[in-house]
Amino acid sequence: MYRLNPCGKIKYKKASDIETSRLGIGFEKLDRNAFDPTKAYDKLGNIGVKWVRIQSGWQRTEREKGVYDFAWLDSVVDNIIARGMTPWMCVCYGNALYGGMAEECFGAVGCPPIHTEEQISAWHNYCVALAKHFRGRVDHMEVWNEPNGLHCWKHGVNATELGNFTIATAKALKEGNPDCYIIGCALTKIDVIYFNEAFKTGMADYIDAVSFHMYTFDDRKLDPAIKALRGIIDLYKPSLEIIQGESGAQSRPFGNGALKDGGWTPRKQCKHLLRHLVTDLGCNVKFTSYFSCMDMMEALKGKVGDKASYKDFGYFGVLGAEFDDDGIATGEYPPKPSYYALSSLASLLAGNIEVIDLPILAEDDMAPHCGRVPSISAAEVQSYGFRLDNRSYAYAYWYPSNHMVSDFEHAVTLNCADLGEPHLVDPMDGTIYEIPENMIEKDSFGGMKLRLLPIRDYPLFLVFGEIN
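Since the model is a prediction, treat every value here as computed from it, not as a measurement. (Residues numbered from 1 in each chain as written. Predicted model: local features only at pLDDT ≥ 70, side-chain atom pairs only at ≥ 80, totals over all residues. Heavy atoms only, no water.)

Peer 1: If you had to explain the packing of helix H7 (residues 222–236) against helix H8 (residues 266–282) to someone new, which residues and values would you point to?
Peer 2: Contact geometry for H7 and H8: axes closest at 10 Å, N-to-C directions at 35°. As H7 runs across H8, the sense of the crossing is right-handed. Taken together, the residues of H8 that come into contact with H7 (itself represented by Leu 222, Asp 223 and Ile 226) are His 276, Thr 279 and Asp 280. Grouping the amino acids of the contact of H7 with H8 by side-chain chemistry returns two nonpolar, two polar and two charged. (Axes fitted to C-alpha atoms, helices over the stretch in contact; angles between N-to-C directions. Helix = DSSP H or I, 4+ residues; strand = E, 2+ residues; numbered from the N terminus. Left-handed = near helix turned anticlockwise from the far one by under 90°. Contact = heavy atoms within 4.5 Å. Nonpolar A, V, L, I, M, F, W, Y, C, P; charged D, E, K, R; others polar.)

Here it is, written out as structure tokens:
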């Protein structure tokens, strides 16, 4: 950025300052008491995201057959709403009260209640009570979590089972709240064969959206995968919306969970966060959720009575933590660099943003390049266009190099139609830059060539018009 002139910082907005957003974050695993939410609520609200994914925790709620104690979940929901955010709920997992594998699995994770008539009836009654109790506070309900993985459908993955289970659950949730917005699938990845089998059950007729999770080192896989998902949806119910429900990265190596083999650092986590969320938005999902707010136990393969089996910590949080002897996240939950990167992105893209094609094109510039690496091809530049809530235009662009092995810095020249006065925004730290006159070549019709702008291996935003 050394050729540009810093002229300000993005003004961070709290969730309560923002009417709407397409950015969210995970606040999962409170069904297993993984962390103390009271120490996280204010920090969560200050990020500026609006959608907060929580889990319903059947086993924590129904500890005596037929008796539901929603007090713990009421506290979570009400604290999120009080800070201007919108909770949406993943309705899961099993309950040891009704036998089966749930008696052995910590938190009854991955134990769908489909094997006995008592389980089926108890699940139905719980879902009716849950939806009724939270009507008007939580109207977006997601059926189960990652059912296409053995960690969350432990007796054996089966898409037909999932389709039928989703139909039955959707009916129960609608019985409790006729206005309930039903989200199906929550798959670990976009698998069109699995989706197709699940849709064959008639599931699409009972849901309003499908969700997916995608943990991948290479964000270039997202765009074609989401297009394929849209293709399979269009065969069954074109009105279904798409939600990205979990995507994240760790901030240190030797953790557990997705992408654990990466040589992660706090900076790599920031890059990964920015690349994935911007790509999700560029692919026009309804909203996208970063996993997660907290460092915490993974707790997907834990065994009851075996603490070591669920002291398997993942470092996906934008807030850090220490851990006690029970595996619970402790300490003061300090913000990581990713916390501020997400805050910058949330403030810049607050409101009703639109995904649009912008008249901007990278070119192969043969002029001498600044930087210390060879020239890049314009065809390699990844980009998405947005119209911001204030009607300014934002062009996100980056070079999709392997950010796990190096830091990339170079320059690129962009040809632009007349869109207004440009500034460059770096969401990594929220700095706003003026573009010097000697880098702008204007023509008599208002178009311009922005010569040798910085390009990095994470999204920078060229903003035309007012920022914030």
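Now, onward.
Peer 1: Pulling in residues and values, what's your account of the packing of aromatic side chains?
Peer 2: With the rule as written, the count across this model stands at 30 aromatic pairs. Seen in terms of ring centroids, Tyr 215 and Phe 291 are 6.4 Å apart; in terms of plane orientation they differ by 85°. Their pairing is edge-to-face. On the criterion of sequence distance, the pair formed by Tyr 215 in the loop between strand E7 (209–213) and H7 and Phe 291 in the loop between strand E9 (288–290) and strand E10 (296–297) is long-range, its members being 76 residues apart. The residues Tyr 215 and Phe 291 share a single accessibility class, namely buried. (Phe/Tyr/Trp six-rings, centres within 6.5 Å; stacked < 30°, edge-to-face > 60°. Buried < 20%, exposed > 50% of the residue type's maximum accessible area, 1.4 Å probe, protein only.)

Peer 1: So what about the layout of surface pockets? Which residues, and what values?
Peer 2: As a volume, the largest pocket reaches approximately 560 Å³. Taken together, 24 residues make up the lining of the largest pocket; nearest its centre are Glu 146, His 151, Ala 258, Glu 298 and Leu 300. Looking at side-chain class alone, the lining of the largest pocket contains seven nonpolar, seven polar and 10 charged residues. In terms of residue class, the lining of the second largest pocket is made up of 10 nonpolar, six polar and six charged. (1 Å grid on protein atoms, 1.4 Å probe; cavity = no way out; pocket = protein on both sides within 12 Å on 5 of 7 lines; lining within 4 Å. Points joined across faces, edges and corners; volume = space filled by probe spheres on them.)

Peer 1: Outline unusual backbone geometry, listing residues and values.
Peer 2: Along the chain, Cys 92 connects to Tyr 93 via a cis peptide bond; the corresponding omega equals -10°. Checked against the element boundaries, Tyr 93 lands in the loop between strand E4 (86–91) and helix H4 (117–133). Here the amide bond leading from Phe 291 into Ser 292 is cis, since omega sits at 5°, within 30 degrees of zero. Within the element layout of this structure, Ser 292 appears in the loop between E9 and E10. Its identity as a non-glycine residue notwithstanding, Glu 146 has a phi of 50°, on the positive side. Looking at the secondary structure, you find Glu 146 in the loop between strand E5 (140–143) and helix H5 (159–176). A relative accessible area of 8% means that Glu 146 is categorised as buried. Look at Phe 254: it is not a glycine, yet its phi comes out positive at around 65°.

Peer 1: Kindly report on the packing of H8 against helix H9 (residues 337–348), identifying the contributing residues and their values.
Peer 2: How two helices pack is summed up by the angle between their axes together with the distance between the axes. Across the interface, H8 lies against H9 with an axial gap of 8 Å and an inter-helix angle of 25°. Comparing the axis directions of H8 and H9 gives the class roughly parallel. As for how H8 packs across H9, the hand of that crossing is right-handed. The segment H8 lies against H9, with Pro 266, Gln 269, Cys 270, Leu 273, Leu 274, Leu 277 and Val 278 engaging Pro 337, Ser 338, Ala 341, Leu 342 and Leu 345. Each residue belonging to the contact of H8 with H9 can be placed in one class, and the counts come to 10 nonpolar, two polar and no charged. (Parallel < 35°, antiparallel > 145°, perpendicular 65-115°, else oblique.)

Peer 1: Talk me through the sheet that holds strand E22 (residues 448–456); I want residue IDs and the actual numbers.
Peer 2: Reading across the sheet, the four strands line up as E15-E18-E22-E21 and stay open at both edges, with antiparallel pairing between neighbours. Single-partner strands in this sheet number two, and they are strand E15 (360–363) and strand E21 (440–442). Ignoring which end each strand starts from, the neighbouring axes of this sheet average 35° apart. Bridging between strand E18 (residues 409–416) and E22 involves seven bridges; their strand directions are antiparallel. What sits directly across from Asn 415, in E22, is Lys 449. (Pairing = 2+ DSSP bridges.)

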